[in-house]
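Okay, here's what each chain looks like letter by letter:
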Amino acid sequence: MPDDGGRFPLLPKMIATSLGVGFLPVAPGTWGALLAIVLWLPLYLWASPAAVVGITAAAVVFFGMAGVWASNISERYWGSDPVVACIDETVGQWLSLLPVVGVAICPWWQILLSLALFRFFDIVKPLGIRRMENIPGGAGMMADDILAGIYSALILLAINIIFYYGQPV
């Protein structure tokens, strides 16, 4: 049962809602994924591929753990798997962007494809993704989106292996 008697602490609220984008009125999960892209793009554009992969992977681990913590707290205030808690989409989208790094051609279409694939897997929840929601608390809130991000990344990686890696620049 949600706790309406206390004030939700700011730090876990900001983490759970991906800096507040979860409060936007329509499709908070999509906003959380778009925020991931907006935060990732400067890194992609200005850092080396190795730095992009390392920092993105570190962000996934750090915000994955912080997201479990903040999501557990959010359930106390907003009930089970509240729609405004979209840090899981932000982390899942970062995972799906990893194969875009190092592609020799302009990756803009791959960034859009990573968003489309991630949102597809997050919404439809095939291939065991729905079962991840059975994990209790914040871990379950995060797990389904992490798996959706992994599936999206695997598809993009396969596309890149088949069509791009090994091609002349």
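Counting starts from 1 at the beginning of each chain's written sequence and moves along it residue by residue. Thresholds applied to this predicted model are a pLDDT of at least 70 for local features of residues and 80 or more for the giving and counting of side-chain atom pairs; totals over whole chains, interfaces and linings are not thresholded and use all residues. Calculated side-chain values reflect all of the structure's heavy atoms, with hydrogen atoms and water omitted.

### Some details on the pattern of salt bridges
- Take a side-chain nitrogen of Lys or Arg and a carboxyl oxygen of Asp or Glu: if they are within 4 Å of each other, that pair is a salt bridge. On inspection of all chains with the given rule, the structure shows five salt bridges.
- Taking the shortest distance from any N to any O, the salt bridge between Asp144 and Lys125 comes out at 2.7 Å. Placement of the pair is Asp144 in helix H7 (residues 137–163) and Lys125 in the loop between helix H5 (108–124) and helix H6 (129–132), with a sequence separation of 19 residues. No difference in accessibility class separates Asp144 from Lys125, as the two residues are buried.
- Glu133 is the salt-bridge partner of Arg130, the closest N and O atoms lying 3.5 Å from each other.
- By relative accessible area, Glu133 is classed as partly exposed at 31%. Put simply, DSSP marks the helices as runs of H or I at least four residues long and the strands as runs of E at least two long, and each gets a number from the N terminus on. Burial status follows relative accessibility: with a 1.4 Å probe on protein chains alone, a residue under 20% of its type maximum counts as buried, one over 50% as exposed, and anything between as partly exposed.

### A closer look at the packing of helix H4 (residues 87–97) against H7
- For every element, the axis is a line fit to its C-alpha atoms; helices are fit only across the contacting stretch, and the angle between N-to-C directions ranges from 0 to 180 degrees. Here H4 crosses H7 at 20°, and the two axes come no closer than 7 Å. One element, H4, and the other, H7, form an angle in the roughly parallel class. Of the two elements, H4 crosses H7, and the hand of that crossing is right-handed. Together, Ile87, Asp88, Glu89, Val91, Gly92, Leu95 and Ser96 of H4 and Met141, Met142, Asp144, Asp145, Ile146, Gly149, Ile150, Ser152, Ala153 and Leu156 of H7 make up the contact between the two elements.
- Residue classes follow a fixed rule: Ala, Val, Leu, Ile, Met, Phe, Trp, Tyr, Cys and Pro count as nonpolar, while Asp, Glu, Lys and Arg count as charged, and any other residue, Gly among them, counts as polar. In terms of residue class, the contact of H4 with H7 is built from nine nonpolar, four polar and four charged. Small angles under 35 degrees read as roughly parallel and large ones over 145 as roughly antiparallel, with 65 to 115 read as roughly perpendicular and the rest as oblique. Put simply, a crossing is left-handed when the front helix is turned counterclockwise from the back one by less than a right angle, and right-handed when it is turned clockwise. The contact rule is simple, with two residues in contact once any of their heavy atoms fall within 4.5 Å.

### Focus on H4
- Along H4, 11 of the 11 residues are buried, which leaves the element largely enclosed by surrounding structure.
- Restricting attention to buried positions, one finds in H4 the residues Ile87, Asp88, Glu89, Thr90, Val91, Gly92, Gln93, Trp94, Leu95, Ser96 and Leu97.
- Residues of H4 that are buried make contact with helix H1 (10–16), helix H2 (28–46), helix H3 (49–78), H5 and H7.

### A word on the nonpolar core
- Ranked by size, the top nonpolar core spans 33 residues in total, and within it Ile37, Trp40, Val91, Trp94, Leu97, Val100 and Ile111 carry the most contacts.
- Of all the elements in the fold, those that place two or more residues in this core are H1, H2, H3, H4, H5 and H7.
- Broken down by element, this core gets its largest block of residues, seven residues, from H2.
- If sequence neighbours within four positions are ignored, Val100 has contacts with Trp40, Tyr44, Pro107, Gln110, Ile111 and Leu156. We call a set of buried residues a nonpolar core when its members are Ala, Val, Leu, Ile, Met, Phe, Trp, Tyr or Cys and they connect through side-chain atoms within 4.5 Å of each other.

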